Number of protein chains: 2
Amino acid sequence: MKKYKVCVLGAGMVGSAMSKDLSEKFDVTACDISKENLSQFNKSQVKTIQADLSNRKEVQKLVSGFDLVVGALPGFMGFESVKSVIEAGKNIVDISFFPEDAFELDKLAKKHDVTAIVDFGVAPGMSNFILGYYNDRMKVTRFEFMVGGLPKVREWPFHYKAPFSPVDVIEEYTRPARMMENGKVVTKDALSEPELVYFDEIGTLEAFNTDGLRSLLKTMKIPDMKEKTLRYPGYRDIIAVLKSAGFLSTDDIQIGRTNIKPLDMTSKILFKKWKLEPGEDEFTVMRINIMGTQDKKAQNIQYDLLDWNDKGTGISSMARTTGYSGTAALNLIAGGLYGQKGIITPELVGRNEECFNFVLKYLKQRGVIYRKTEK
Amino acid sequence: MKKYKVCVLGAGMVGSAMSKDLSEKFDVTACDISKENLSQFNKSQVKTIQADLSNRKEVQKLVSGFDLVVGALPGFMGFESVKSVIEAGKNIVDISFFPEDAFELDKLAKKHDVTAIVDFGVAPGMSNFILGYYNDRMKVTRFEFMVGGLPKVREWPFHYKAPFSPVDVIEEYTRPARMMENGKVVTKDALSEPELVYFDEIGTLEAFNTDGLRSLLKTMKIPDMKEKTLRYPGYRDIIAVLKSAGFLSTDDIQIGRTNIKPLDMTSKILFKKWKLEPGEDEFTVMRINIMGTQDKKAQNIQYDLLDWNDKGTGISSMARTTGYSGTAALNLIAGGLYGQKGIITPELVGRNEECFNFVLKYLKQRGVIYRKTEK
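Residues numbered from 1 in each chain as written. Chains lettered and ligands numbered in written order. Predicted model: local features only at pLDDT ≥ 70, side-chain atom pairs only at ≥ 80, totals over all residues. Heavy atoms only, no water.

On to the pairing of strand E1 (residues 5–9) of chain B. Along any regular strand, the residues point their side chains to alternate faces of the sheet. Residues and elements named next belong to chain B. For E1, the buried fraction is high: 4 of the 5 residues fall into the buried class. Both E1 and strand E2 (residues 27–32) contribute to a ladder of 5 bridges, which runs parallel. When the sheet's bridge partners are listed, Val6 is paired in E2 with Val28. Remark: the E1/helix H1 (residues 13–22)/E2 crossover connection has right-handed handedness. (Buried < 20%, exposed > 50% of the residue type's maximum accessible area, 1.4 Å probe, protein only. Helix = DSSP H or I, 4+ residues; strand = E, 2+ residues; numbered from the N terminus. Pairing = 2+ DSSP bridges. Right-handed = clockwise from strand over helix to strand, strands pointing away.)

Our focus in this paragraph is the side chain of Asp211(A). All names here are of chain A. With respect to the helices and strands, the residue Asp211 is situated in the loop between strand E11 (203–209) and helix H8 (216–219). Reaching out from Asp211, the side chain makes a polar contact with the side chain of Arg175 at a distance of 3.2 Å. For Asp211, the side chain forms a polar contact with the main-chain nitrogen of Arg178, separated by 2.9 Å. Apart from residues no more than four positions distant in its own chain, Asp211 is found in contact with Arg175, Pro176, Ala177, Arg178 and Glu227. (Polar contact = N/O pair within 3.5 Å; in protein donor to acceptor, adjacent residues only side chain to side chain. Contact = heavy atoms within 4.5 Å.)

In this section: the packing of aromatic side chains. Residue and element names in this part refer to chain B. Inspection of every chain in the model, using the stated rule, returns 38 aromatic pairs over all chains. Residues Tyr4 and Phe26 carry aromatic rings whose centres are separated by 6.4 Å and whose planes lie at 55° to one another, so their mutual orientation is tilted. Here the residue Tyr4 occupies a position in the segment before E1, and Phe26 occupies one in the loop between H1 and E2, the gap between them amounting to 22 residues. When the ring of Phe158 is compared with that of Trp274, the centres are 5.7 Å apart and the planes differ by 80°; the resulting orientation is edge-to-face. Here the residue Phe158 occupies a position in the loop between strand E7 (139–151) and helix H7 (166–174), and Trp274 occupies one in the loop between helix H10 (262–273) and strand E15 (282–294), the gap between them amounting to 116 residues. (Phe/Tyr/Trp six-rings, centres within 6.5 Å; stacked < 30°, edge-to-face > 60°.)

Taken together, the 25 residues of chain B in the interface contact 25 residues of chain A. For the chain B and chain A pair, buried surface summed over both sides reaches about 2,200 Å², with 83% attributable to carbon and sulfur atoms. On the surface where chain B and chain A come into contact, there are 0 salt bridges. For the pair chain B and chain A, the number of links is 4 residue pairs in polar contact (both at pLDDT 80 or more). Take the side of chain B that touches chain A: its biggest share by element is 9 residues, from H10(B). Residue composition of the side of chain B that touches chain A, by class: 16 nonpolar, 5 polar and 4 charged. (Buried area = accessible area lost by both parts, 1.4 Å probe. Salt bridge = Lys/Arg side-chain N within 4 Å of Asp/Glu carboxyl O. Nonpolar A, V, L, I, M, F, W, Y, C, P; charged D, E, K, R; others polar.)

On to the sheet that holds strand E3 (residues 47–50) of chain A. Residue and element names in this part refer to chain A. Within the open sheet, the 7 strands sit side by side as E3-E2-E1-E4-E5-E6-E17. Their pairing is parallel. Single-partner strands in this sheet number two, and they are E3 and strand E17 (342–344). Taking each pair of neighbouring strands and ignoring which way they run, the sheet shows an average axis angle of 20°. In this sheet, strand E4 (residues 68–71) lies alongside strand E1 (residues 5–9) in parallel orientation, the contact comprising 4 bridges. If you follow Val6 over to E4, its bridge partner there is Leu68. Strand contacts of helix H1 (residues 13–22): E1, strand E2 (27–32) and E4, with the helix running at about 170° to E1, the strand carrying the most contacts. Packed onto the sheet, helix H11 (residues 317–334) meets E1, E4, strand E5 (91–94) and strand E6 (115–118) and runs at close to 165° relative to E5. (Axes fitted to C-alpha atoms, helices over the stretch in contact; angles between N-to-C directions.)

As structure tokens, then:
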């Protein structure tokens, strides 16, 4: 295999883990506006370029010299950067989870003969990918997954540390949760329908509705689908109180002579409380259930993921589970295993048995293990 | 009895109830800076004077033409106004519950030959008054009281409505709670030592430590004394979370280019959630326990108060229980039942049997009933 030149846009927590992972096999250049973020590569084989990645022309000029691109920018920059890379005619795997509809870029990607795999993280990402595989091999009637990133040590009252900015975390608790029920898209309040669920090694967690199905609402014809977020019990009740009282509101309130959005203050306060300390142990837990029939026989397939931070490298479980899914996908393109053009979501890639096996094996080699059980 | 001219400083919720009550017997003038507050007396026999009561000279000039003064101003104005009234040589009953130490004015009051009864509300107020009575008649070893003002209808998540500003309510949850334990003043966190307590007609409430003993810490030699605040169960946990997370902090945090005290925003948010709607039913509940020995026999005397808002007049239970205690005290002075000079707290007045019986009877006539049980 030719030693591809790979450009990784973004050297944050996940992007830098991806650069390091890819550098074992590829000629990798990490790009970021922050010199500090780039300095972590000083003693590694990863090259660096400091660049303003919010500038469309700069992105296009930058990626022109590379064979493949990884998008690991913050969500709000994601859509524009993927568009720029497509216009530059480069294949990309993006894990920025931007809020816009990626399929709006489908025509553009096809026009430029580009494979643009988006949302290939852990969830969305592996959840969709695994569903995609089984949806082609059985009649799926119900798909549910629950996922969360949590600290090992539980500290009252939140028992929670955020791997990313509280504003983004809180957004999950205010955006209405869309799900499929009896073949129809229904919308429920985020935080609704809490339930207690037991996990080996971890204990009892609480799952509640969030808006995590994303592309599946469009790409899948499954009568019942839902996503839930996992937290330690008690957390959800507090967030529900804050939400109900108005602490998560983005409507200005007047204090003295200034107008303040309560969410801005709440985020500031929670940022301190939710800060994951360096070296603090944390894990990512996910359970996927795919129910239906195969040859008229009832099937209930469950995948369980429990991944811990890497104490040796200091790479978080969020960066491992999200980043290595993305780098696996990049390897699919580089290795010629996947070449469909257009905007590609993980459920489309999962249909391919060779791709399915490759990705699970790739993750397993990195200690990210999906345990399958059939009921 | 001569028809005394009484000046009531402050025509807020409690002050206006006091003016109306006193006007049945005295020539009453209500004073306030707000025309709107004064307009409620348009069709009553209460006279009104609009005045800036934060101005010391104006207060002294104002009260000079009266025989007796009632202080019913907000706490932050209380100390200065009482001082002004003393300097004007007028007897006063004050229910502003100012944070300063009233006894600092004791010499001044004696010099001007003034009786200044302070803190004569429900709690502090009647709690101290009843203790004062029994402390002279038995060996009290333990004194506890719990008190709260609550709405009839419980709405999740707070199950609470504030009869006064949330800032003042929240202050009770942040100020360390001083109490007597084994003859020593000890300080515990506000909200600490929660316990569930059952009340007839109301059900189970939750009691937690607050800083409510005030003058009793100085005037009483009782080895164990504590005060607790009563709320519906669940409320305390939420406040404890807000406090622990930093939402009640008065340390500036920076949001954009402005500095904001979290407490200022939290108060604004809770003001809306905690607003008692006009006509909304609410009650004041208090339980006082006085334990000790009388003639070497163990004694446990309990007083229970449960008072509802007056649907006819719209006067709240807070205004009834606080205001009518204060007007009872004013009647003690007017009727010559109490004449000691200096700063007088309710526990000092309660020592006098005639005063004790008069006040309880006065309150009973207004439907504010203290039920006594002996165990």
